[in-house]
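Read off the chains here:
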Amino acid sequence: MTPTENIVNLYQPFLDYALTQLKQELELKPYPIPSGFEHKVAITGKGKKEQEVDTTSYAYCSPKLRQIRAAHVQGGSALQVLNFVIFPHLNYDLPFFGADLVTLPGGHLIALDMQPLFRDDPQYQEKYTQPIWDTFQTHQQHLPWGGDFPEEAIPFFSPAFLWTRPQKNELVETRVFEAFKDYLQAYLIFVKQAEPISNVEKLAEIKEAQLRYLRYRAEKDPARGMFTRFYGPEWTEEYIHGFLFDLERQLALNPV
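Residues numbered from 1 in each chain as written. Predicted model: local features only at pLDDT ≥ 70, side-chain atom pairs only at ≥ 80, totals over all residues. Heavy atoms only, no water.

Moving on, we get to the pattern of salt bridges. A full pass over the atoms with the stated rule returns twelve salt bridges. A salt bridge links Asp-100 to Arg-217; the nearest nitrogen and oxygen atoms lie 3.4 Å apart. Placement of Asp-100 in strand β6 (residues 96-104) and of Arg-217 in helix α5 (residues 200-220) is noted, with a sequence separation of 117 residues between them. Across the salt bridge formed by Arg-224 and Glu-237, the nearest N and O atoms sit 2.6 Å from each other. Of this pair, Arg-224 sits in helix α6 (residues 224-231) while Glu-237 sits in helix α7 (residues 233-244), and the two are 13 residues apart along the sequence. Each member of the salt-bridge network shares a partner with another, and the members are Glu-208, Arg-215 and Glu-248. (Salt bridge = Lys/Arg side-chain N within 4 Å of Asp/Glu carboxyl O. Helix = DSSP H or I, 4+ residues; strand = E, 2+ residues; numbered from the N terminus.)

Glancing now at the environment of His-108. In this structure, His-108 sits in strand β7 (residues 107-115). Side chain to side chain, His-108 and Thr-103 meet in a polar contact 2.7 Å long. Looking at His-108, its side chain comes within polar contact range of the side chain of Asn-169, at 2.8 Å. (Polar contact = N/O pair within 3.5 Å; in protein donor to acceptor, adjacent residues only side chain to side chain.)

Core analysis: the biggest nonpolar cluster contains 87 residues, and Phe-14, Phe-84, Ile-86, Leu-94, Phe-97, Phe-180 and Tyr-183 have the highest contact counts within it. Looking at this core element by element, the count peaks at twelve residues for helix α4 (residues 169-193). Each residue touching Phe-180, except ones within four places of it in the same chain, is listed here: Phe-14, Tyr-17, Ala-18, Phe-97, Ala-99, Leu-101 and Leu-112. (Core = buried A, V, L, I, M, F, W, Y, C linked by side-chain atoms within 4.5 Å. Buried < 20%, exposed > 50% of the residue type's maximum accessible area, 1.4 Å probe, protein only. Contact = heavy atoms within 4.5 Å.)

Here we take up the side chain of Ser-158. Within the secondary structure, Ser-158 is located in the loop between α3 (133-140) and β8 (162-164). Side-chain polar atoms of Ser-158 contact the side chain of Asp-113, separated by 2.6 Å. For Ser-158, the side chain forms a polar contact with the main-chain nitrogen of Ala-160, separated by 3.0 Å. Non-local contacts of Ser-158, meaning those with residues more than four positions away in its chain, are made with Asp-113, Met-114, Pro-116, Arg-119 and Thr-129.

To locate leftover empty space, one rolls a probe as large as a water molecule over the atoms. Of the voids in this model, the largest pocket is the one considered here, and its volume is about 830 Å³. Around the largest pocket, the lining is made up of 37 residues, and of these Asp-100, Val-102, Leu-109, Pro-222 and Ala-223 lie nearest the centre. Counting residues per element, the ones that place at least two in the lining of the largest pocket are β3 (51-61), β4 (65-74), β5 (80-88), β6, β7, α5 and α6. A total of four residues in the lining of the largest pocket trace back to one element, the largest contributor, which is α6. Classifying every residue of the lining of the largest pocket gives 24 nonpolar, four polar and nine charged. (1 Å grid on protein atoms, 1.4 Å probe; cavity = no way out; pocket = protein on both sides within 12 Å on 5 of 7 lines; lining within 4 Å. Points joined across faces, edges and corners; volume = space filled by probe spheres on them. Nonpolar A, V, L, I, M, F, W, Y, C, P; charged D, E, K, R; others polar.)

Glancing now at the packing of aromatic side chains. All chains considered together, the criterion is met by 28 aromatic pairs. Taking 6.3 Å as the distance between ring centres and 80° as the angle between the ring planes, the aromatic pair formed by Phe-87 and Phe-245 counts as edge-to-face. Taken together, the residues Phe-87 in strand β5 and Phe-245 in the loop between α7 and α8 (247-253) connect sequence positions 158 residues apart. Accessibility classification places Phe-87 together with Phe-245 in one group, the buried group. Between Phe-118 and Tyr-124 the ring centres are 5.5 Å apart and the planes differ by 85°, which places this aromatic pair in the edge-to-face class. Judged by its relative accessible area of 5%, Tyr-124 falls in the buried class. Taken together, the ring pairs in this structure connect Tyr-11, Phe-14, Tyr-17, Phe-84, Phe-97, Phe-177, Phe-180 and Tyr-187 into an aromatic cluster. Positioned above the aromatic ring of Phe-230, the side-chain terminus of Arg-229 is 4.9 Å from the ring centre. (Phe/Tyr/Trp six-rings, centres within 6.5 Å; stacked < 30°, edge-to-face > 60°. Lys NZ or Arg CZ within 6 Å of the ring centre and 35° of its normal.)

Take the pairing of strand β2 (residues 39-44) next. Sheet topology places β2 next to β3; six bridges connect them, and they run antiparallel. What sits directly across from His-39, in β3, is Thr-56. (Pairing = 2+ DSSP bridges.)

In this section: the pairing of β6. Across the nine residues of β6, seven count as buried, placing the element largely inside the fold. One ladder, built from seven bridges, connects β5 with β6; its direction is antiparallel. Among the inter-strand pairings, Val-81 is bridged to a residue of β6, identified as Val-102. Hairpin remark: β6 followed by β7, antiparallel, with two residues in the connecting loop.

The subject of this paragraph is the confidence of the model for the protein. Taken as a whole, the protein shows an average pLDDT of 92; of its residues, 97% reach a score of 70 or greater. Segment residues 1-5 is flagged for pLDDT under 50; beyond a separation of four residues in sequence, or across chains, it makes twelve contacts in the model. (pLDDT = per-residue confidence, 0-100.)

It is at 11 Å that the axes of helix α1 (residues 12-25) and α4 come closest, and there the two elements cross at 20°. It follows that α1 is roughly parallel to α4 by the angle criterion. The way α1 lies across α4 gives a crossing that is right-handed. Of the residues in α4, those in contact with Pro-13, Phe-14, Tyr-17, Ala-18, Gln-21, Leu-22 and Glu-25 of α1 are Val-172, Val-176, Phe-177, Phe-180, Lys-181, Leu-184, Gln-185, Leu-188 and Lys-192. Tallied by class, the residues present in the contact of α1 with α4 amount to eleven nonpolar, two polar and three charged. (Axes fitted to C-alpha atoms, helices over the stretch in contact; angles between N-to-C directions. Parallel < 35°, antiparallel > 145°, perpendicular 65-115°, else oblique. Left-handed = near helix turned anticlockwise from the far one by under 90°.)

Here it is in structure tokens:
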């Protein structure tokens, strides 16, 4: 892997692009971020190895999207993370938009997908996977499969899941960025085309599928260890359940 000295703010262009596009294309409103989660700072290491770790949260909503949120972690050359996820309202069958962009001392880990509500439904795949299949194949030529992936996670990712471990920073800044932009643009097209669901049985299926995804992600969040190390377990668990994956909390407050 190339030296990491130049990767500070590696994912800032991704975040800037996403927020600019969303603000241009959608009727965005602020989504409430619980107090204490907007910005959090920790100091790690000692002496010359001392490093400030900043976690900044962003959140919006729109008429069709319940929560658009980002967690941006900046810890110098050894740690850069952007977790950017979009959750549709429960009366749309839209997939989730999910981007996990992670840089650690050992390398880059990139996961990009439109995560399906109903992965094994052929009609759902035809509606939401087929339109981006060519895009996926184009980017996969330059960003090959990243290897081992938990089998239990497979139901939560589409066949067009881009999972890769680029060896060079340049690939993240170019190929990964292009893939991120293409996936987000495709998702925005899906959002514009989406029609509300009124069938009661279908609405119940969507709600259950969203909860299944949220519970899995909250339970298996790979950032839990990192956040616990920096900010402690109490803050971390509340951040995960009260902000990153907050659907159950929101439903308790406002039952559908």
